[in-house]
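Structural overview for review
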Amino acid sequence: MRQVNGVRKRVRAQSLRSPVGGAEMHPKDAHGHRLLDTLSIGVAAVDGELRLKYINNTFARMLGRTREEMLGRPLRDFMQSGGRSTDAETAPGAEETGCGGALVMRLLHADGRVRAFLVSGGALQKTERIPDDVYLTFSDVTPLVARCVELRRAAREHAQVTTAIAGGIWKWCPRDGRVEFSDRYYTMLGYQPGDFPATYDGWLALIHPDDRDATLMRIMEFIRSGADEYRNEFRMRAGSGGYRHILAAGRVVQRSEAGDALCVIGHHVDITNQARERGRDAMLAYMLDNAPGAITVHDGNGRFLYANRKTFELHGYAEKEFMSMRLQDLDDPQSAALIPERVAQMFRDGRAEFSVRHRHRDGHYFPMHVSVRPIQWEGSAAIFSVAIDLTRIEAAERERMILTTAVEQAQDIVVIADPDGNISYVNRKFREVTGYSSGEVLGRNPRILKSGSHDADFYRRLWDTLLAGNTWRGEFINKKKSGELYTEEATITPVMDAAGQLLCYVAVKRDITEFRKLRAESQ
């Protein structure tokens, strides 16, 4: 209603002449109808309530309607309501256009679109039938209004960009060294305007010491090269005492006849947050690339989306070659057949761990232990995997198994004791000779074998030798579980780690009871 009242006031305030020949005329005249229908603009007569008393064919066509459909209805029935339509942005009201202050009315076309019309009007010749009607002319200016809107939008964006850039504008004259900074240049860094001198040296003093030489070289290179544009990144000391990361960009706006730069204008942008993000990303990439295991991300079809450097090294492929492969190309047939089952387990439990064998580029397969879990990667479901090469671990395990089997099956007695002298391992020969089971001796001191045949001085000399880090060799007369005495020839060695710390004692002994008996009989 407010919009309609505004239109009514604007129309009544105008006193325009008829666009047809400049003479006053009454649109109810038949001759007038024919003349008005020939016009390229819309014409309507309205009463004080803006009810349509007459319209020409042109105006009806402009709105995709018929005269009969429109006559007698208030103009407000065809005006755009408060809600916006799909075309409202391209056909706004007068208050949004700023186009010369003319009245621009938004009317609804029969197809639902909004059209913008430049409206003017004036009083009709006064008659008894129509005492105070007015006529209105309608020119479709939708494209022009849309252009006005676009220009205003561009102007607003330009003002916003200018305001943002103006935060750090600088001007530098290389020949005489003059420098100028905008007020925002100071405040961007946490200073008040004028807190540091507007000189080249004053500016240079704020550059981080680690960046100063590189910044100077970059500036000199820019001047010597004759380039038009300058761009650089460095850190500047802020008013708080810390340093801010700055992106500097500038352009030569004046040169001498010899081509030397006389004036450079540019701006500084605080990119501290972006620099921190880049630093975190770089650190994360470094940590991933230097991780001891293969780290990959692949989609549900096995296509690799990411792989760290260790992955390429372990498999023997260059990055580009590896990233063109799928998981199924690496798994041995047995492992590949289990992929659906393992993926299902991962989604059911949230993670899964298993062992696989992967194919190296040279054709051999190597063992890996894999841990996987589901993740989101760039908005899509994916699988995150960490795999450890088990080649050395398996080799070490085989070596340990061989050694353990050899010791277990050796024909000599083998006893291992911890640094406190308590038994931690005995082999089969020990169990056969002494009659003790492993469970009966593990964790106990070897003194359970003492026969009482050796005095305290014997054991003191033995331990002095061992605690000095030396190997002791000698003979024991020990006692079996049955109480029977036996003689054994022994070598006891302290075992040290790489740092010289004691790990354990290893005793290798041989039962020489029969040998002693035979020698005594022969004598």
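Worth saying up front: this structure is predicted, and the values here are computed from it rather than measured.

1. Observations regarding the nonpolar core
If you look at the biggest cluster of nonpolar residues, it comprises 24 residues, and the most contacted ones within it are Phe 181, Tyr 185, Trp 203, Phe 234 and Met 236. Secondary-structure elements contributing two or more residues to this core are strand S6 (169-173), strand S7 (178-181), helix H7 (183-188), helix H8 (200-204), helix H9 (209-225), strand S8 (229-237), strand S9 (243-255) and strand S10 (261-270). Judged by nonpolar contacts, the second largest core, of 22 residues, contains Ala 417, Phe 476, Ile 492 and Tyr 505.

2. Some thoughts on the environment of Ser 139
As for its position among the elements, Ser 139 is in strand S5 (residues 134-140). For the pair Ser 139 and Phe 59, spaced 80 residues apart in the sequence, the C-alpha separation amounts to 8.9 Å.

3. Considering the sheet that holds strand S12 (residues 304-307)
If you walk across this open sheet you meet the 5 strands as S12-S11-S15-S14-S13, and the pairing is antiparallel. Sheet topology places S12 and strand S13 (352-359) at the edges, where each strand pairs with a single neighbour. In this sheet, neighbouring strand axes are inclined to one another by 30 degrees on average, regardless of whether the strands run parallel or antiparallel. Direction of pairing for strand S14 (residues 365-377) relative to strand S15 (residues 380-389): antiparallel, over a ladder of 10 bridges. Considered in S15, the bridge of Arg 373 is made with Phe 384. Contacts from helix H15 (residues 339-349) reach S13, S14 and S15, with the element oriented near 150 degrees to S13.

4. Some thoughts on empty space enclosed by the protein
Inspection of every chain in the model, using the stated rule, returns 2 cavities of 30 Å³ or more. Empty space within the largest cavity amounts to approximately 170 Å³. Every element with two or more residues in the lining of the largest cavity is listed here: S6, S7, H8, H9 and S8. Looking at the lining of the largest cavity residue by residue, the classes come out as 12 nonpolar, 1 polar and no charged.

5. Some points on the pattern of salt bridges
Taken as a whole and judged by the stated rule, the model has 33 salt bridges. A salt bridge links Asp 77 to Arg 73, with the nearest nitrogen and oxygen atoms 3.5 Å apart. For the salt bridge of Glu 432 with Arg 428, the shortest nitrogen-to-oxygen distance reads 3.6 Å. On the criterion of helical spacing, the pair formed by Glu 432 and Arg 428 is a turn pair, its members being 4 residues apart in helix H17 (residues 428-434). What emerges from the salt-bridge pattern is a single network uniting Asp 457, Arg 460, Arg 461 and Asp 464.

6. Regarding the pairing of S8
Alternating residues of S8 divide into Tyr 230, Asn 232, Phe 234 and Met 236, all buried, and Glu 229, Arg 231, Glu 233, Arg 235 and Arg 237, none buried. Where S8 meets S9, 9 bridges bridge the pair, whose relative direction is antiparallel. Its bridge partner being in S9, Glu 233 is matched across the sheet by Leu 247. Between S8 and S9, which pair antiparallel in sequence order, lie 5 residues; one of them, Gly 241, sits at a positive phi of approximately 105 degrees.

What counts and what doesn't
Residues numbered from 1 in each chain as written. Predicted model: local features only at pLDDT ≥ 70, side-chain atom pairs only at ≥ 80, totals over all residues. Heavy atoms only, no water. Core = buried A, V, L, I, M, F, W, Y, C linked by side-chain atoms within 4.5 Å. Buried < 20%, exposed > 50% of the residue type's maximum accessible area, 1.4 Å probe, protein only. Helix = DSSP H or I, 4+ residues; strand = E, 2+ residues; numbered from the N terminus. Pairing = 2+ DSSP bridges. Axes fitted to C-alpha atoms, helices over the stretch in contact; angles between N-to-C directions. Contact = heavy atoms within 4.5 Å. 1 Å grid on protein atoms, 1.4 Å probe; cavity = no way out; pocket = protein on both sides within 12 Å on 5 of 7 lines; lining within 4 Å. Points joined across faces, edges and corners; volume = space filled by probe spheres on them. Nonpolar A, V, L, I, M, F, W, Y, C, P; charged D, E, K, R; others polar. Salt bridge = Lys/Arg side-chain N within 4 Å of Asp/Glu carboxyl O.

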